[in-house]
Amino acid sequence: MNDRAIFLLGAETPQVLYCIDSLRCSGFDLVCVGQGSVFYSSFNKYVRRNIKLGIGSATLHTEKFLTCLSEYKTALIYPLNEHYLEMLIADHSAFPENAAVIMPDPVSVSLVSDKANFIELCRELNVPTLPSCRLTAHTTIECLQRNGISFPVILKPNRGSGARGFKIVKSENEFSQEDIGSYRDYHVQKYVSKSEQYKYSASCHNGKVINSVVLHKIRYFPVSGGSCTYGDMIDNREISDMCAKVIENVNWSGVIDFDLISDSDDSLYPIEINPRLPACSKYTKCVGVDLVQDIFAEFVGVREAGIIGKKSDSVHFITLDFARAIYLLSKGSFDGLKNFLISLNANTEKVDYYSNFPSSICVAILVQISKMLDIKFLRKKFSNRPQK
C-alpha cells in the first residue's frame, strides 16, 4: 500500500477503465468509488479498493469513504461524470487537508453545464448556433417565430446528459396543445431530423488546449441519439477552432467534451458541453492522445505513453453496441446485430477492452447486464419523459 492514492469517482462508468490504464503505473494506489451492483473497475488487478456508495447517494461524506481517505498522506479526488462533479462542488471544502480535488472551476462548470447558458455564450462569441430560446410559461408561437425557430422543434432540459427529457414537437398545433408552463428549466430549439453528430474532446489548462480529438459518431445507444457505440476519427479545423474559442473564454482547466451536429447544409453547431471525460474516451488513443495523463501530469509526472499509438481510424464500444443490437432485435430488426458483427471483426479501437487487463470486457458485459436488469435505470434511460 502506498501513502498516496487517486480516488476515481464513477466506477460504474466506462471512463474509469481509461483512467485505470492511464494511471496504473503512476506510483499511486487507485481507489474507485461508485454506485450500482457491479463496477467497471471490479476484479481489476490495478485497483487497490472499490468503494460502493448507496444508490442515489448525494454526498461523499460517508464513513467508508472518509476512513479510506484518511489512510493516505496524499489523496487526489477526480470525478468522472456530472453527478460526482456536483457532489464535489458541494462537499470539497469539507475534505481533510490531505485531499486535493482535481476538477474545473465551479463557476465555469455552472456556466457550460446549463445548455441555454452555453448557447447564449456561443452567440456572444459568434459561434454558430441553431435557432433557440428559453422556454417559459409565456413562450408563444410568435416568440418562436421572432427567434427564427420553425417547426419541428425540440424541447430540451437545460441540465442533464443524453437525450433524457427531450420532447419533439412537430407542428404549431401540437405546440399549442402542450402545457408549456409545466416544463421547468427548459429551452426550445429548432429540430434537425437528419443530422450528423460529432464529439470534440480536449485536455486544457487555463483556457489553452493541450490535446484534442474529433470523433464522427456513426451509431448510438439509445438509437435515437445517445452514447456513441461506433465512430470514425476525423480532422476538422472548423470544429476545433469553435470549441477552442469557448474553452479560452471560460478559462477551462481539465477535460471537456463538446457535442456538435451538422444539418443538411453541412453547417456545424455546438449543442452542449459535458464537463468531463466522455464514455467513449478511449477513442483519443487512436491518435496517441491520453487526456488523463495530460490532467494528472502536474501531480504524477509525465510518463511513457504505454499502449498509446495510432492503431485504427475507428472506435467500437463493444458492450454498448451489443446492447443496441439486442434492443433492435427486440424491435424485429437485425441491422444492429449485423453492424455489431462487422465492427467486431474490423480493425477498430475497442473502448471497453484493455490489453493490460483483458478481463475488462467480461466485467463490462456484467455491468451492462446489471443495468438492463435495473428497472429504475431502464426507466431513466428509455422512458424519455419530459422533466416537468
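One can find the structure itself at the top, above this paragraph.
The structure reproduced in this document is the subject of the present report. (Residues numbered from 1 in each chain as written. Predicted model: local features only at pLDDT ≥ 70, side-chain atom pairs only at ≥ 80, totals over all residues. Heavy atoms only, no water.)

**Remarks on the sheet that holds strand S7 (residues 153-157)**
In step 1: Strands sit in the order S6-S9-S7-S8 across an open sheet of four strands; the sheet is antiparallel. For this open sheet the edge positions go to strand S6 (132-135) and strand S8 (167-169), each flanked by a neighbour on one side alone. With strand direction ignored, the average angle separating the axes of adjacent strands in the sheet is 25°.
In step 2: Direction of pairing for S7 relative to S8: antiparallel, over a ladder of three bridges. In the strand pairing of S8, Ile 154 is matched with Ile 168.
In step 3: Strands S6, S7 and strand S9 (186-190) of the sheet are contacted by helix H5 (residues 115-124), whose axis makes an angle of about 145° with S6. (Pairing = 2+ DSSP bridges. Helix = DSSP H or I, 4+ residues; strand = E, 2+ residues; numbered from the N terminus. Axes fitted to C-alpha atoms, helices over the stretch in contact; angles between N-to-C directions. Contact = heavy atoms within 4.5 Å.)

**So, the sheet that holds strand S12 (residues 227-234)**
Across a sheet, strands are paired by hydrogen bonds formed along the backbone, either parallel or antiparallel in direction.
In step 1: Taken together, the seven strands give an open sheet; going across it, the order is S14-S13-S10-S11-S12-S15-S16, and neighbouring strands pair in mixed fashion. The sheet is open, and its two borders are formed by strand S14 (268-274) and strand S16 (349-350), each paired with just one other strand.
In step 2: Bridge count between strand S11 (residues 208-221) and S12: seven bridges; the pairing is antiparallel. Residue pairing for S12: Val 214 is matched across the bridge by Ile 234.

**Considerations on the side chain of Arg 219**
In step 1: Structurally, the position occupied by Arg 219 is in strand S11.
In step 2: Only 2.9 Å separates the side chain of Arg 219 from the side chain of Ser 343, close enough to count as a polar contact.
In step 3: Apart from the residues lying within four places of it in its own chain, the contact partners of Arg 219 are Ser 227, Cys 228, Thr 229, Tyr 230, His 316, Asp 321, Arg 324, Asn 339, Phe 340 and Ser 343. (Polar contact = N/O pair within 3.5 Å; in protein donor to acceptor, adjacent residues only side chain to side chain.)

**Description of the nonpolar core**
In step 1: In this structure, Ile 6, Leu 8, Tyr 78, Leu 277 and Phe 296 are the most contacted members of the largest nonpolar core, which totals 46 residues.
In step 2: Looking at this core element by element, the count peaks at six residues for helix H1 (residues 15-23).
In step 3: Once residues within four sequence positions are removed from consideration, Ile 6 is found in contact with Leu 23, Ser 26, Phe 28, Asp 29, Leu 30, Val 31, Leu 76, Phe 296 and Val 300.
In step 4: Formed by 45 residues, the second largest nonpolar core is a distinct cluster that contains Val 33, Met 87, Val 246 and Leu 268. (Core = buried A, V, L, I, M, F, W, Y, C linked by side-chain atoms within 4.5 Å. Buried < 20%, exposed > 50% of the residue type's maximum accessible area, 1.4 Å probe, protein only.)

**Points about the pattern of salt bridges**
In step 1: Evaluation of the coordinates by the stated rule reveals 12 salt bridges.
In step 2: Two residues, Asp 257 and Lys 199, come together in a salt bridge whose shortest N-O distance is 2.8 Å. Taken together, the residues Asp 257 in strand S13 (residues 254-262) and Lys 199 in strand S10 (residues 196-205) connect sequence positions 58 residues apart. Each member of the pair, Asp 257 as well as Lys 199, is classed as buried.
In step 3: As a salt-bridge pair, Asp 241 and Arg 237 come within 3.5 Å of each other at their nearest N and O atoms. Here Arg 237 and Asp 241 lie together in helix H8 (residues 237-249), a separation of four residues that amounts to about one turn. (Salt bridge = Lys/Arg side-chain N within 4 Å of Asp/Glu carboxyl O.)

**Digging into the pairing of S9**
In step 1: Where burial is concerned, most of S9 is hidden: four out of the five residues are buried.
In step 2: Both S6 and S9 contribute to a ladder of four bridges, which runs antiparallel. Bridge pairing in S9 links Ser 132 to Gln 189.
In step 3: In this structure, S7 lies alongside S9, joined through five bridges in antiparallel fashion. Opposite Ile 154, over in S9, you have Gln 189 as the bridge partner.

**Quick notes on the side chain of Ser 113**
In step 1: Tracing the backbone shows Ser 113 in helix H4 (residues 106-113).
In step 2: Judged by relative accessible area, which is 15%, Ser 113 ranks as buried.
In step 3: From its side chain, Ser 113 meets the backbone oxygen of Val 109 in a polar contact 2.7 Å long.
In step 4: Sequence-distant contacts of Ser 113, that is, excluding residues within four places in its chain, are made with Asn 158, Arg 159 and Pro 275.

**Describing a nonpolar patch on the surface**
In step 1: On the surface, a nonpolar cluster with roughly 550 Å² of combined accessible area is contributed by Phe 43, Ile 365, Leu 366, Ile 369 and Leu 373.
In step 2: By secondary structure assignment, the location of Ile 365 is in helix H12 (residues 360-372).
In step 3: Overall, the relative accessible area of 41% leaves Ile 365 in the partly exposed class. (Patch = residues over 30% accessible without salt bridge, like charges linked within 9 Å, V, L, I, M, F, W, Y side chains within 5 Å. Areas by Shrake-Rupley, 256 points an atom, 1.4 Å probe, with all protein chains shown as cover.)

**Observations concerning the environment of Leu 268**
In step 1: Looking at the element boundaries, Leu 268 is found in strand S14.
In step 2: Look at Leu 268 and you get buried, because its relative accessible area is 5%.
In step 3: Each C-alpha atom of the pair Leu 268 and Val 214 lies 13 Å from the other, and the pair is 54 residues apart in sequence.
In step 4: In contact with Leu 268, not counting residues within four places along its chain, are Pro 128, Tyr 198, Asn 236, Glu 238, Ile 239, Met 242, Ile 261 and Ser 262.

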